[in-house]
Amino acid sequence: MSKRVVITGLGIVSPLGYDVETAWRRLREGESGVSLWENPLRDIFRARIAGQCLDFTPEPYIEPKDVKKVERFAQFAYVAGIRAVEAAGLDFSRENPFRCASIVGCGVGGLAEIERQDEKLTKSGPSRISPFTIPKIMLNAASAHLAIRYGIHGPVYGVATACASANNAMIDVYKAIKCGEIDVAITGGTEAAVSKLGVAGFGAMRALSERNDAPEKASRPFDSDRDGFVIGEGAGILVFEELEHAKKRGANILAEVVGYGATTDATHITQPDEEGIYAGAAVEATLRSAGWNPEDVDYINAHGTATKLGDVAETAAIKRALGEDAAKKVAVSSTKSAIGHLLGGSGGVELVFSVLSTRDGVVPPTLNLENPDPKCDLDYTPLVARERKIDRVISNSFGFGGHNACIAIARFVD
Amino acid sequence: MADEKQIEAKIIEIIAEQLGREKDTITSASDIANDLGADSLDVAELMIAFEESFDIDIDEENAQNIATVGDVVKQIVSQLDEN
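Residues numbered from 1 in each chain as written. Chains lettered and ligands numbered in written order. Predicted model: local features only at pLDDT ≥ 70, side-chain atom pairs only at ≥ 80, totals over all residues. Heavy atoms only, no water.

## Brief notes about the side chain of Ser102(A)
All names here are of chain A.
Phase 1: With respect to the element layout, serine 102 can be found in strand S4 (residues 100-105).
Phase 2: Overall, serine 102 belongs to the buried group, its relative accessible area being 0%.
Phase 3: Residues in contact with serine 102, not counting those within four places in the same chain, are Ser143, Leu146, Ala147, Ile152, Pro155, Val156, Tyr157 and Ile186. (Helix = DSSP H or I, 4+ residues; strand = E, 2+ residues; numbered from the N terminus. Buried < 20%, exposed > 50% of the residue type's maximum accessible area, 1.4 Å probe, protein only. Contact = heavy atoms within 4.5 Å.)

## Considerations on the confidence of the model for chain B
Phase 1: Averaged over every residue, the pLDDT of chain B is 93; the share at 70 or more is 99%.
Phase 2: Per the prediction output, this complex has pTM 0.97; the corresponding ipTM is 0.89. (pLDDT = per-residue confidence, 0-100.)

## Quick notes on the nonpolar core
Residues and elements named next belong to chain A.
Phase 1: If you look at the biggest cluster of nonpolar residues, it comprises 45 residues, and the most contacted ones within it are Ile7, Phe240 and Ile409.
Phase 2: Examining the composition of this core, we find that seven residues originate from one element, helix H7 (residues 165-178), more than from any other.
Phase 3: Judged by nonpolar contacts, the second largest core, of 35 residues, contains Ile62, Ala142, Ala147 and Val239. (Core = buried A, V, L, I, M, F, W, Y, C linked by side-chain atoms within 4.5 Å.)

## With respect to the environment of Asn168(A)
Residue and element names in this part refer to chain A.
Phase 1: Take asparagine 168: it is sitting in helix H7.
Phase 2: Residue classification places asparagine 168 among the buried positions, given a relative accessible area of 15%.
Phase 3: Those residues within four positions of asparagine 168 in sequence are excluded, and the remaining contacts are Val159, Thr161, Ala262, His403 and Ala405.
Phase 4: Within polar-contact distance, the side chain of asparagine 168 engages the side chain of threonine 161 at 2.7 Å. (Polar contact = N/O pair within 3.5 Å; in protein donor to acceptor, adjacent residues only side chain to side chain.)

## Overview of helix H8 (residues 196-204) of chain A
All names here are of chain A.
Phase 1: Listing the buried residues of H8 in full gives Gly198, Val199, Phe202 and Gly203. The buried residues of H8 occupy one face: seen down the axis, they fall within an arc of 120°.
Phase 2: The elements touched by buried residues of H8 are helix H4 (111-124).
Phase 3: Positive phi shows up at arginine 206, right after H8, with a value of about 60°. (Arc of directions from axis to C-beta.)

## Some points on the interface of chain B and chain A
Phase 1: With twelve residues of chain B at the contact, the number on the chain A side is eleven residues.
Phase 2: Summing the contributions of chain B and of chain A, the shared interface buries around 970 Å²; its carbon and sulfur component is 51%.
Phase 3: Across the contact surface, chain B and chain A share three salt bridges.
Phase 4: For the salt bridge of Arg128(A) with Asp57(B), the shortest nitrogen-to-oxygen distance reads 3.0 Å.
Phase 5: The interface formed by chain B and chain A includes six residue pairs in polar contact (both at pLDDT 80 or more).
Phase 6: Put simply, the parts of the chain that give the side of chain B that touches chain A at least two residues each are helix H1 (4-19) and helix H2 (40-54) of chain B.
Phase 7: A per-element tally of the side of chain B that touches chain A places H2(B) first, with seven residues.
Phase 8: Its residues assigned to classes, the side of chain B that touches chain A shows five nonpolar, two polar and five charged. (Buried area = accessible area lost by both parts, 1.4 Å probe. Salt bridge = Lys/Arg side-chain N within 4 Å of Asp/Glu carboxyl O. Nonpolar A, V, L, I, M, F, W, Y, C, P; charged D, E, K, R; others polar.)

Printed below as a string of structure tokens:
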């Protein structure tokens, strides 16, 4: 018996704010969360801009003495996760703990802690390394800390498919609820890779925008003058729940998860297939699994990172899946234009925004899309948000490694 | 001779900081794991903090014998005196 899966709670930590309503309002109003990277070494890096969670603190959720034991990416997921659970009105002590899950995506884990400990190791030797090093850097720590807080004894693990991590995590949860394995889960994605290694590493690939003199203008998906993505940090965590379970406890149902598609390029470790064959297949599979026709889709929250190749490939993928006509009619936007690319966290934050787009009937804008690339010829909702009734959304995520993962949500109708 | 009182005060300060406790709740008789709630990783972290603070190396065998704050003081005093 196939179950229905609904979303009952949202939580966010993002460069536009640390609560859902603040981040969503600022996003709709066209504000940018991108600024100069707050690092004293900034000037030796090629790219010096980022979407940062500058005054974020995990307190009071994590006690001061324990803050140093939990790495930043896991702190983000912890805070966003607790907020999502609270918003869902969920009391885990009343649940069968073996039918609960915590599955959180993360691309690279604790880069900054690796840097700190490597510095210590080089300077003072291996015996001075913190015993918390491994439990801090492992990317499954995000899901595990939430499991410990709530006594979740079902499936708990991290998912790593680079920038598609959050979507792959949420797809796992969707399938587990749908087939009756679990009742409810904390899921989404997180990342805190705005660190020396992260910025230098992506910089070395020439993947990052170097528009250092105009940070707010740097993230320009689908624009002719785009020059790479802006690295961002944060988490988007949601509560997914089996429909009858949600109804029984009188939960507020925000949207329904109705389908997904997951494929792999298997062509190059980082470079996307330019024709969008495999990403297109993922979007198409999503339509099929949701039982939608191409013209049923109201909004696509694009992966849209603002790399030269990626935006063209995604445009091609959407056209392949929806067909030229329906592709031209659907509202598309990239919220990375406002907060940068949250890597493993991006799919989580973007599904939060997707849910809110159906709630409020608002397509968030693609900032900085001033001169569209001729190869990117869809309606990307440039510069300002647009009001439109939105019943059905697809959220795309594509990751290094060739991972393509898309999720379909719909306005909930009983 | 190392000043035992001073060393004890420093050790209590380090423990208080690491475990998030008030200094005046920690005495020489406090058991680091059972009374102060340190887990195995906390204890390992504390040993490193003591080593860095007093510029010594506490070997594994001696670390195993440490249970209370007083044990730490004794260990460090004896190592400092040897030096």
